[in-house]
Amino acid sequence: LGSGTGGDAPRPDDWQCPNPACVNHTQMVFGSKPTCSKCGASRDGSTPGDDFYPVEKGMQGGDMPDDWMCPNEQCRNHTKMVFAKHSSCPACGTARKAQKPGDWLCPNVSCVNHKNTVFGSKLQCPKCGSPKPGAFGGCMGGMGGMGG
C-alpha cells in the first residue's frame, strides 16, 4: 500500500479547510499544518479577524488583504503587489517597512534589526554584523572598503 502526498490517499490526520470559498475546502490540508496555507483558516474554523477570504488557484499579489506594495519605486513590485507572507520584496530585497528603497531586514532572527530595517547603503547589519542578503553579488554598485 503506497501513500502519496496527493491524489486520493489522504493521511488520517489531514483535514478539509472549513472556509467554503477556499480551494482546500474540497481538497485536503496536511495534518501537520495548524492553518490552511491558502486562506489562513485554522482547523477549528477561525481565521485572523474571523473573515474568510476567497482563494483561487493562480492568485497574484494583491488578492489578499495584507499583501503590500514594494516601497522601492524602481522595483517591478512597486506597481504590482508582494504576498503578505514576505517581510521583504522578493524582487529587490527592500524591506516591507522600509523608509527608503533598498532598506533591508537583518537575516539574524535574534537581532533587533530583524524586525527593524537597516539602511540600504549598509552592506552589513550595524548591530550584529550579519551581511546584507544578496550583497555578495555587487548589487550596490561599487565594492567599498571595510575600513573605518
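Reading the values: rules and limits
Residues numbered from 1 in each chain as written. Predicted model: local features only at pLDDT ≥ 70, side-chain atom pairs only at ≥ 80, totals over all residues. Heavy atoms only, no water. Helix = DSSP H or I, 4+ residues; strand = E, 2+ residues; numbered from the N terminus. Buried < 20%, exposed > 50% of the residue type's maximum accessible area, 1.4 Å probe, protein only. Contact = heavy atoms within 4.5 Å. Disulfide = S-S within 2.5 Å. Core = buried A, V, L, I, M, F, W, Y, C linked by side-chain atoms within 4.5 Å. Polar contact = N/O pair within 3.5 Å; in protein donor to acceptor, adjacent residues only side chain to side chain. pLDDT = per-residue confidence, 0-100.

Chemist: Any details on the overall build of the chain? Residues and values, ideally.
Modeler: From N to C terminus, the chain includes zero helices and zero strands. Across the 148 residues that make up the chain, the buried fraction comes to 26%. Contacts in the chain between residues at least 24 apart in sequence constitute 19% of all its contacts with a sequence separation of at least 6.

Chemist: Run through the environment of His114, naming residues and quoting values.
Modeler: Residue His114 is classed as partly exposed on the basis of its relative accessible area of 28%. Residues His114 and Ser87 lie 27 residues apart in sequence; the distance between their C-alpha atoms is 9.7 Å. Sequence-distant contacts of His114, defined by excluding residues within four places in its chain, comprise Leu105, Cys106, Pro107, Asn108 and Val109.

Chemist: Which residues make up the state of the cysteines, and what are the values?
Modeler: This model, assessed by the stated rule, comprises zero disulfides. No disulfide involves Cys70; its sulfur sits 3.6 Å from the nearest other cysteine sulfur, which is in Cys92. You can see Cys106 has no disulfide; the closest cysteine sulfur is in Cys128, sitting 3.5 Å from it.

Chemist: Could you give an account of the nonpolar core, naming the residues involved and the relevant values?
Modeler: Formed by Trp15, Cys17, Cys22, Val29, Cys36, Cys39 and Ala41, the largest nonpolar core amounts to seven residues. When sequence neighbours within four positions are dropped, the list of residues in contact with Cys36 reads Trp15, Cys17, Cys22, Asn24, Val29 and Ala41.

Chemist: Summarise the side chain of Thr94; cite the residues concerned and give the values.
Modeler: With relative accessibility at 0%, the residue Thr94 sits in the buried group. Among the polar contacts listed, one links the side chain of Thr94 to the backbone nitrogen of Gly102, at a separation of 3.0 Å. Ignoring anything within four residues of it in the chain, the contact list for Thr94 reads Trp68, Cys70, Pro71, Asn72, Ser88, Cys89, Lys100, Pro101, Gly102 and Asp103.

Chemist: For the confidence of the model for the chain, give the residues involved together with the corresponding values.
Modeler: Looking at the chain as a whole, the pLDDT averages 74, with 72% of positions reaching at least 70. Low confidence marks residues 1–6, where pLDDT is under 50. Its contacts with residues over four positions away, or in another chain, come to four contacts.

Chemist: Got a sec to walk through the environment of Asn113? Specific residues and values, please.
Modeler: Judged by relative accessible area, which is 7%, Asn113 ranks as buried. Each C-alpha atom, one on Asn113 and one on Pro126, is 8.7 Å from the other, the two residues being 13 residues apart in sequence. Contact partners of Asn113, with chain neighbours within four places excluded, come to Leu105, Cys106, Val118, Cys125, Pro126 and Lys127.

Chemist: I'd love a proper account of the environment of Cys70, names of residues and values included.
Modeler: Accessibility expressed as a relative area gives 1% for Cys70, which makes it buried. Between the C-alpha atoms of Cys70 and Ala98, which are 28 residues apart in sequence, the distance is 8.8 Å. In this structure, Cys70 is in contact with Cys75, Asn77, His78, Val82, Cys89, Cys92 and Thr94, ignoring residues within four places of it in sequence.

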